[in-house]
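# A closer look at the structure
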Amino acid sequence: MNDIDAWVWWLVGAAALGIPLVVTAMPEFGMFAVGAVAAAIAAGLGAGVVVQVLTFVIVSVALIAVVRPIATRHRSQRPQLATGVDALKGRQAVVLERVDGSGGRIKLAGEVWSARSLDTGHAFEVGQEVDVVEIEGATAIVM
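All figures in this text were calculated on a predicted structure; none of them were measured in a lab.

Of the regular secondary structure elements, the protein chain holds three helices and five strands. Its helices and strands taken in sequence order, the protein chain reads α-α-α-β-β-β-β-β from the N to the C terminus. For 143 residues, the compact-globule estimate of 2.2 N^0.38 gives 15 Å, and the protein chain exceeds it by more than 25% at 29 Å. The principal-axis extents of the C-alpha atoms in the protein chain amount to approximately 85 × 25 × 25 Å. Counting the 143 residues in the protein chain, one finds 25% classified as buried. For the protein chain, the proportion of contacts with a sequence separation of at least 24, taken over those separated by at least 6, is 50%. As presented, the protein chain carries roughly 9300 Å² of accessible surface, and 63% of it is formed by carbon and sulfur atoms. When the 10 positive and 13 negative side-chain charges of the protein chain are each reduced to one mean point, those points stand 2 Å apart.

Next up, the structure:
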């Protein structure tokens, strides 16, 4: 055991920290792994144990302090490009069959959709333009 250099142990530690990163998908483990690689570099350059541990701690904490808030901010943002039914919300459609609270048909994005009025007491006549506010299954809710 004494024949193995300290930098090898740091690389083993980095690999060991990479396993929970993959299994749990927690990016913090990746940041600790990078800190271990930095400590391995310090050990390879001949730094003492105290400098190695300080390098590990400083790099790991710096990555968590800088990268984690950025990742959290990006994770909470909505995608720039709406796809699927999300892309249909807010679009205009043309009434093909009278639409009221119980149903009807509209032409939305070149396709015929079943639709119903958001306000059950309001009806839209053939040829009128309506706005799609929600998609529930295969039914567009319009106003």
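Next comes the rest of the account.
Although it is not a glycine, Ala 109 adopts a positive phi angle of roughly 55°. Position of Ala 109 relative to the elements: it lies in the loop between strand 2 (103–108) and strand 3 (111–117). Overall, the relative accessible area of 43% leaves Ala 109 in the partly exposed class.

Now for the pattern of salt bridges. This structure, assessed with the given rule, holds six salt bridges. Residue Lys 89 pairs with Glu 134 through a salt bridge whose shortest N-O separation is 3.4 Å. Of the two residues, Lys 89 is situated in the loop between helix 3 (49–76) and strand 1 (92–100) and Glu 134 in strand 4 (residues 129–136); the sequence distance between them amounts to 45 residues. With relative accessibility at 33%, the residue Glu 134 sits in the partly exposed group. Across the pair Arg 116 and Glu 136 runs a salt bridge whose closest N-O atoms are separated by 2.5 Å. Of the two residues, Arg 116 sits in strand 3 while Glu 136 sits in strand 4, which places them 20 residues apart along the sequence. The exposure class of Arg 116 is partly exposed, given its relative accessible area of 28%. Under the relative-accessibility criterion, Glu 136 is labelled partly exposed at 44%. Where salt bridges share partners, they join Asp 86, Lys 89 and Glu 134 into one cluster.

Thresholds, definitions, all that
- Position numbers for residues count from 1 along each chain, tracking the sequence in the order it is written.
- Local features in this predicted model are restricted to residues of pLDDT 70 or higher, and side-chain atom pairs are both shown and tallied only at a pLDDT of 80 or more, whereas totals for entire chains, interfaces and linings draw on every residue.
- Hydrogen atoms and water are omitted, and side-chain values are computed over all heavy atoms in the structure.
- Helix numbers and strand numbers start at the N terminus; a helix is a DSSP run of H or I with at least 4 residues, a strand a run of E with at least 2.
- Put simply, the radius of gyration uses C-alpha atoms, and a globule should come to 2.2 Å times the residue count raised to 0.38.
- Whether a residue is buried, partly exposed or exposed follows from its accessible area with a 1.4 Å probe, protein chains only, as a fraction of its type maximum: under 20%, in between, or over 50%, in that order.
- The contact criterion used is simple: two residues touch if any of their non-hydrogen atoms lie within 4.5 Å.
- Computed by Shrake-Rupley with a 1.4 Å probe, the accessible areas treat only the displayed protein chains as cover when residues are assessed.
- For the purpose of charge, His is not counted, nor are the chain termini; Lys and Arg are scored as positive and Asp and Glu as negative.
- We put the charge of a Lys on NZ, of an Arg on CZ, of an Asp on CG and of a Glu on CD.
- By convention in these notes, a salt bridge is any Lys or Arg side-chain nitrogen within 4 Å of a carboxyl oxygen on Asp or Glu.

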